[in-house]
Amino acid sequence: MTEKEVLDFIFRRRSVRKFTGEPVPREKLEALLRAAMAAPSARNRQPWEFLVITEREKIREVCSAHPYAKFGVEAGAVILPLGRPAGNFYFFQDMAAAVENLLLAAANLGLGATWCGMDENRNKILRPLLGIPEDYWIFALIPVGIPAEHPAPRTQYDPRKVHWEKFGNRGA
Ligand SMILES: Cc1cc2nc3c(=O)[nH]c(=O)nc-3n(C[C@H](O)[C@H](O)[C@H](O)COP(=O)(O)O)c2cc1C
């Protein structure tokens, strides 16, 4: 891949919220998890685990329990990255790196996915639904599926957000 192709590829990762309803082949799901687990993590602690759901009824149940993931009921799978944050200051940063890797891999495989955020309340609802112990934090809910929409690639580059050499210096 050329440098430009790699950048263009990163721009192609977009949130996909419409799916055909078809299942996602197991080897593709495994490829996503391989990408996620290739992420950098502080002291290489790799605090992540992943709950993968492919059963239609369970997908429906999990996505319906999240206020902004209802679109996911038509997804072919839901991946929930999770782990134990206690005593690990870098837990959330490590988890975010893994999720971004997973999303990039999904785009590469022609799959659609969206990172749906998890908070305390959503954790309280989803943990018992999925039999997840209380010391685990579900970091994200990611519906994954065969895309039925194709949002345009884009960067959101904004020069006003860049400080060159010195804070406040926006000049090139
Ligand atoms: C931490 C986080 C939480 C998010 N939560 C949701 C969510 O609950 N539901 C949803 O539809 N999208 C969610 N998104 C996706 C964002 O809306 C999306 O990334 C943003 O609008 C930019 O669009 P893009 O992903 O297509 O570039 C979340 C993204 C992040 C990083």
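Note that the coordinates shown come from a computational prediction; the quantities given were computed from them, not determined experimentally.

*Asks:* Honestly, the overall build of the chain in this entry has me stumped. Any pointers?
*Replies:* Assigned secondary structure in the chain consists of five helices and six strands. Starting at the N terminus and walking to the C terminus, you meet the elements of the chain as α-α-β-α-β-α-β-β-α-β-β. For 172 residues, the compact-globule formula gives about 16 Å, and the C-alpha radius of gyration of the chain, at 17 Å, lands near that figure. Dimensions along the principal axes, computed over C-alpha positions, put the chain at roughly 55 × 40 × 30 Å. Looking at the chain as a whole, 28% of its 172 residues qualify as buried. Considering only intrachain contacts with a sequence separation of at least 6, the fraction spanning at least 24 residues in the chain is 76%.

*Asks:* Explain the environment of Pro40 here, please?
*Replies:* Position of Pro40 among the secondary structure elements: in the loop between helix H2 (26-36) and strand E1 (49-53). For the pair formed by Pro40 and Asn169, sequence separation is 129 residues and the distance between their alpha carbons is 31 Å.

*Asks:* What am I meant to see in helix H3 (residues 56-64) here?
*Replies:* Owing to its 3.6 residues per turn, the α-helix brings residues three or four apart onto one side. When H3 is considered as a whole, its buried residues turn out to be Ile59, Val62 and Cys63. One face of H3 carries all of its buried residues, which in axial projection span an arc of 95°. In H3, the exposed positions that point more than 90 degrees away from the buried face belong to Glu57 and Ser64. Here the buried face of H3 lies against E1, strand E2 (77-83), helix H5 (120-130) and strand E6 (140-145).

*Asks:* Just to check I follow, could you spell out unusual backbone geometry for this structure?
*Replies:* Where the residue is not glycine, phi is negative for most of them; where a peptide bond is considered, it is trans in most cases. One non-glycine residue, Asn44, lies in positive phi territory at about 50°. With respect to the element layout, Asn44 can be found in the loop between H2 and E1. Not every positive phi belongs to a glycine, and Glu165 is a case in point at roughly 70°. For Glu165, the location among the structural elements is in the segment after E6. Using a count of 6 C-beta atoms within 10 Å as the deciding quantity, one classes Glu165 as exposed.

*Asks:* Would you explain the site of the ligand in this entry?
*Replies:* With respect to spatial proximity, the complete set of residues near the ligand consists of Arg14, Ser15, Arg17, Tyr68, Ala69, Thr114, Trp115, Cys116, Gly117 and Pro151. Of the residues in the shell around the ligand, the class split is five nonpolar, three polar and two charged.

*Asks:* What should I look at first to understand the nonpolar core in this one?
*Replies:* A general trend in soluble globular proteins is that nonpolar side chains are found buried together. By size, the foremost hydrophobic cluster in this structure holds 38 residues, and its most contacted members are Val78, Leu102, Leu141, Ile142 and Val144. For this core, the elements supplying multiple residues, two or more each, are H2, H3, E2, helix H4 (91-108), strand E5 (137-138) and E6. Considering every element that reaches this core, the biggest residue donor is H4, with eight residues.

About the cut-offs
- Residues numbered from 1 in each chain as written.
- Predicted model: local features only at pLDDT ≥ 70, side-chain atom pairs only at ≥ 80, totals over all residues.
- Helix = DSSP H or I, 4+ residues; strand = E, 2+ residues; numbered from the N terminus.
- Rg over C-alpha atoms; globule rule 2.2 N^0.38 Å.
- Buried ≥ 20, exposed ≤ 12 C-beta atoms within 10 Å, placed from the backbone.
- Contact = placed C-beta atoms within 7 Å.
- Arc of directions from axis to C-beta.
- Near = placed C-beta within 6 Å.
- Nonpolar A, V, L, I, M, F, W, Y, C, P; charged D, E, K, R; others polar.
- Core = buried A, V, L, I, M, F, W, Y, C linked by C-beta atoms within 7 Å.

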